[in-house]
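# Observations on the model geometry
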Amino acid sequence: QVQLVESGGGLVQPGGSLRLSCAASGFTLDDYTIGWFRQAPGKEREGVSYSGNIIYYAAFVKGRFTISRDKAKNTVYLQMNSLKPEDTAVYYCAAANRLLFGLLGLRADSYDYWGQGTQVTVSS
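The paragraphs below set out a description of the structure included in this document. Since the model is a prediction, treat every value here as computed from it, not as a measurement. (Residues numbered from 1 in each chain as written. Predicted model: local features only at pLDDT ≥ 70, side-chain atom pairs only at ≥ 80, totals over all residues. Heavy atoms only, no water.)

Under the criterion given, the structure shown has eight aromatic pairs. Pairing Phe37 with Tyr111 gives two aromatic rings, centres 5.2 Å apart and planes at 80 degrees, and the pair type is edge-to-face. Taken together, the residues Phe37 in strand E4 (residues 33–39) and Tyr111 in the loop between strand E9 (89–96) and strand E10 (113–114) connect sequence positions 74 residues apart. Each member of the pair, Phe37 as well as Tyr111, carries the same accessibility label: buried. Aromatic pair Tyr92 and Trp114: ring centres 6.4 Å apart, planes at 80 degrees, arrangement edge-to-face. (Phe/Tyr/Trp six-rings, centres within 6.5 Å; stacked < 30°, edge-to-face > 60°. Helix = DSSP H or I, 4+ residues; strand = E, 2+ residues; numbered from the N terminus. Buried < 20%, exposed > 50% of the residue type's maximum accessible area, 1.4 Å probe, protein only.)

Applying the stated criterion across every chain yields a total of five salt bridges. A salt bridge links Asp30 to Lys71; its shortest N-O distance comes to 4.0 Å. On the criterion of sequence distance, the pair formed by Asp30 in the loop between strand E3 (18–25) and E4 and Lys71 in the loop between strand E7 (65–70) and strand E8 (75–80) is long-range, its members being 41 residues apart. Judged by its relative accessible area of 47%, Asp30 falls in the partly exposed class. (Salt bridge = Lys/Arg side-chain N within 4 Å of Asp/Glu carboxyl O.)

Turning our attention to the nonpolar core. Trp36, Phe65, Leu78, Met80 and Tyr91 are the most contacted members of the largest nonpolar core, which has 34 residues in total. Those elements that place two or more of their residues in this core are E3, E4, strand E5 (46–51), E7, E8, E9 and strand E11 (118–122). With six residues, the top contributor of residues to this core is E9. Ignoring any residue separated from it by four or fewer positions in sequence, one finds Met80 in contact with Gly16, Ser17, Leu18, Leu20, Arg64, Phe65, Tyr91 and Val120. (Core = buried A, V, L, I, M, F, W, Y, C linked by side-chain atoms within 4.5 Å. Contact = heavy atoms within 4.5 Å.)

Using the criterion set out here, one finds one disulfide in the structure. Disulfide partner of Cys22: Cys93, at an S-S distance of 2.1 Å. An S-S torsion of about 70 degrees defines the bridge between Cys22 and Cys93 as right-handed. You can see Cys22 sitting in strand E3 and its partner Cys93 sitting in strand E9, a full 71 residues away along the chain. On the basis of relative accessibility, which here comes to 0%, the residue Cys22 falls in the buried class. Exposure remark for Cys93: the relative accessible area of 0% places this residue in the buried category. (Disulfide = S-S within 2.5 Å.)

Right, let's get into the sheet that holds E8. In spatial order, the strands read E1-E3-E8-E7; together these four strands make up an open sheet with antiparallel pairing. Two strands bound the open sheet, and with one partner strand each, they are strand E1 (3–7) and E7. Strand-to-strand twist of the sheet, defined as the mean angle between neighbouring strand axes without regard to direction, takes the value 15 degrees. (Pairing = 2+ DSSP bridges. Axes fitted to C-alpha atoms, helices over the stretch in contact; angles between N-to-C directions.)

Taking burial as the measure, the seven residues of E4 include six buried ones, the bulk of the element. In this sheet, E9 lies alongside E4 in antiparallel orientation, the contact comprising seven bridges. Directly across from Trp36, in E9, lies its bridge partner Cys93. Both E4 and E5 contribute to a ladder of five bridges, which runs antiparallel. Considered in E5, the bridge of Phe37 is made with Gly47. Between E4 and E5, which follow one another and run antiparallel, lie six residues, and Gly42 among them has a positive phi close to 80 degrees.

Given below as structure tokens:
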């Protein structure tokens, strides 16, 4: 049974850091493209980063966020540094059983499986 579970969200002050985890079961992450997305109230779901044959970041997080994988744990991470209030959103991980490239990997409809989301709030 394919499952993705996000964790690591919470409340953090501006300039702080969080590390989000995406734990996979029922399939091997190494064979999939894994993306991170976020959605704030009243806004469209937007792509943050993805990792597959390439690593790609949305312009608004480049230089602050880092995506990585731990094959032994079958887990993908999103390290989030220098957080801003506008980063506040529910963050989701997703998996696609195909190679992605460019902006295609930041589109939600490119992905087949989704986690439940984890809330990130950046506030003083």
